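If you want the building blocks of each chain, they are given just below.
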Amino acid sequence: INGIAADIKLWQNSTLNKIVQRGELQVCMEPGYVPFEMTDKKGNIIGYDVDMARQMSKDMGVKLKLVPTAWDGIIAALITEKCDIIMSGMTITQQRNMTVNFSDPYIVVGQTVMMRKDLEGKIKSAADLDKPEYTIVTKLGVTGEIATKKFFKKAKIVTFETEVDAAAEVLNGKAEAMVYDQPYNAIFMSDKGKDKLIHLDTPLTYEPLGFAVRKGDPDFINWLNNFLRQMKEDKVIGFSDELYQKWLVD
Ligand code: ARG
């Protein structure tokens with residue numbers, strides 16, 4: 001197999017080529033991670049990642065299909081080709097990067113702590129919460145769970161299937177605090193947390209979010225990274241300004 005034949009083979013097997021042949025970009029995401037992907041009152045999936053997926057499919061000249069996927073099976077869904085890409089606020093971690101490839105980051109977030117307001121004054125930092133009498137909640141299988149285990153050695157840790165169930169536990173007083181991605185916590189605070197919760201908003205971790213794709217596909221990664229740079233610089237949908245303002249600033 002000579003050089004040109006190898007190049008053709010690479011392109012034929014590229015996810016980008018499959019998307020073009022199919023005429024549809026298929027995106028795995030788990031709605032619930034506000035404001036990146038969430039379900040509106042009519043049942044439509046909306047959010048920052050959805051806006052980017054839509055722009056992506058437009059630039060590719062294909063239709064868009066969102067594939068709602070539970071978080072614990074989302075990497076398996078990508079690997080078994082249930083979708084072309086994961087656009088779901090996924091943190092680029094070294095462990096995940098062993099099984100999937102990532103685009104360049106499109107935003108950087110970190111884990112923060114949302115705690116019950118009645119602890120104000122008594123608790124000034126995450127470290128103050130690390131006591132056996134306190135319960136810290138987070139979501140199963142996310143970087144929040146990893147951070148919770150790392151920063152809370154003495155407190156009781158309880159994990160939930162969804163972020164909204166974890167947050168409810170703090171709201172109804174069954175847990176003292178929740179550890180989760182800063183944008184989610186910031187929006188939850190202004191939405192439901194007023195007068196009830198306090199946001200310790202100094203990030204505990206550094207978390208670049210990227211799009212995950214299958215390994216062995218340089219064509220797709222090349223397209224994605226060039227797309228991301230263009231989005232950042234262009235004012236067409238104003239990735240860094242309007243899109244950020246629309247979903248992340250309230
Ligand atoms: N950034 C975190 C992680 O990668 C949480 C992402 C959760 N995303 C979602 N769509 N539920 O683990």
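So, how was this worked out
Residues numbered from 1 in each chain as written. Predicted model: local features only at pLDDT ≥ 70, side-chain atom pairs only at ≥ 80, totals over all residues. Heavy atoms only, no water. Buried < 20%, exposed > 50% of the residue type's maximum accessible area, 1.4 Å probe, protein only. Helix = DSSP H or I, 4+ residues; strand = E, 2+ residues; numbered from the N terminus. Contact = heavy atoms within 4.5 Å. Disulfide = S-S within 2.5 Å. Pairing = 2+ DSSP bridges. Axes fitted to C-alpha atoms, helices over the stretch in contact; angles between N-to-C directions. Domains from an automatic or database assignment. Buried area = accessible area lost by both parts, 1.4 Å probe. Salt bridge = Lys/Arg side-chain N within 4 Å of Asp/Glu carboxyl O. Polar contact = N/O pair within 3.5 Å; in protein donor to acceptor, adjacent residues only side chain to side chain. Nonpolar A, V, L, I, M, F, W, Y, C, P; charged D, E, K, R; others polar.

1. Comments concerning helix 5 (residues 143-151)
Okay, step 1: Regarding helix 5, the residues found buried are Thr143, Gly144, Glu145, Ala147 and Thr148.
Okay, step 2: Turning to helix 5, the residues buried within the fold contact strand 8 (111-116), strand 9 (135-139), strand 10 (156-160), strand 11 (177-181) and strand 13 (207-209).

2. Section: the state of the cysteines
Between two cysteines, a covalent bond joining their sulfur atoms is known as a disulfide.
Okay, step 1: For the coordinates displayed, the defined rule picks out 1 disulfide.
Okay, step 2: Bridging Cys28 to Cys83, the disulfide has an S-S length of 2.2 Å. Given an S-S torsion of about -105°, the disulfide between Cys28 and Cys83 has left-handed geometry. With Cys28 in strand 1 (residues 24-29) and Cys83 in the loop between helix 4 (74-79) and strand 5 (85-86), the pair connects residues that are 55 residues apart, well separated along the chain. Residue Cys28 shares its accessibility class with Cys83, and that shared class is buried.

3. Considerations on the sheet that holds strand 9
Okay, step 1: In spatial order, the strands read 10-9-11-8-12; together these 5 strands make up an open sheet with mixed pairing. Strand pairing shows two members of the sheet lacking a second neighbour, strand 10 and strand 12 (197-200), which therefore form its edges. Averaged over neighbouring strand pairs, the angle between their axes works out to 25° when direction is ignored.
Okay, step 2: Pairing of strand 9 with strand 10 involves 5 bridges; the strand directions are parallel. Bridged to Ile136 within strand 10 is Ile157.
Okay, step 3: Those strands touched by helix 5 are strand 8, strand 9, strand 10 and strand 11, and its axis lies near 155° from that of strand 9.
Okay, step 4: Set on the sheet, helix 6 (residues 163-171) makes contact with strand 8, strand 9, strand 10, strand 11 and strand 12; between it and strand 11 the angle comes to about 150°.

4. Let's talk about the environment of Ala53
Okay, step 1: Within the fold, Ala53 resides in helix 3 (residues 48-60).
Okay, step 2: What Ala53 contacts, discounting residues up to four positions off in sequence, is Leu25, Val27, Leu64 and Met87.

5. Things to note about the domain arrangement of the protein chain
Okay, step 1: We note that the domain assignment places domain 1 (3-108 + 208-248) and domain 2 (111-200) within the protein chain.
Okay, step 2: Placing the centre of domain 1 and that of domain 2 at their C-alpha centroids yields a distance of 29 Å.
Okay, step 3: A combined buried area of about 930 Å² lies between domain 1 and domain 2, and 57% of that area is made up of carbon and sulfur atoms.
Okay, step 4: For the domain 1 face of the interface with domain 2, the top three residues by lost area are Tyr33, Val34 and Trp71, together amounting to 44%.
Okay, step 5: Counting every contact that joins domain 1 to domain 2 gives 1 salt bridge.
Okay, step 6: Across the pair Glu30 and Lys139 runs a salt bridge, and its minimum N-O distance is 2.8 Å.
Okay, step 7: On the surface where domain 1 and domain 2 come into contact, there are 3 residue pairs in polar contact (both at pLDDT 80 or more).
Okay, step 8: Per-class residue counts for the side of domain 1 that touches domain 2 are 8 nonpolar, 3 polar and 3 charged.

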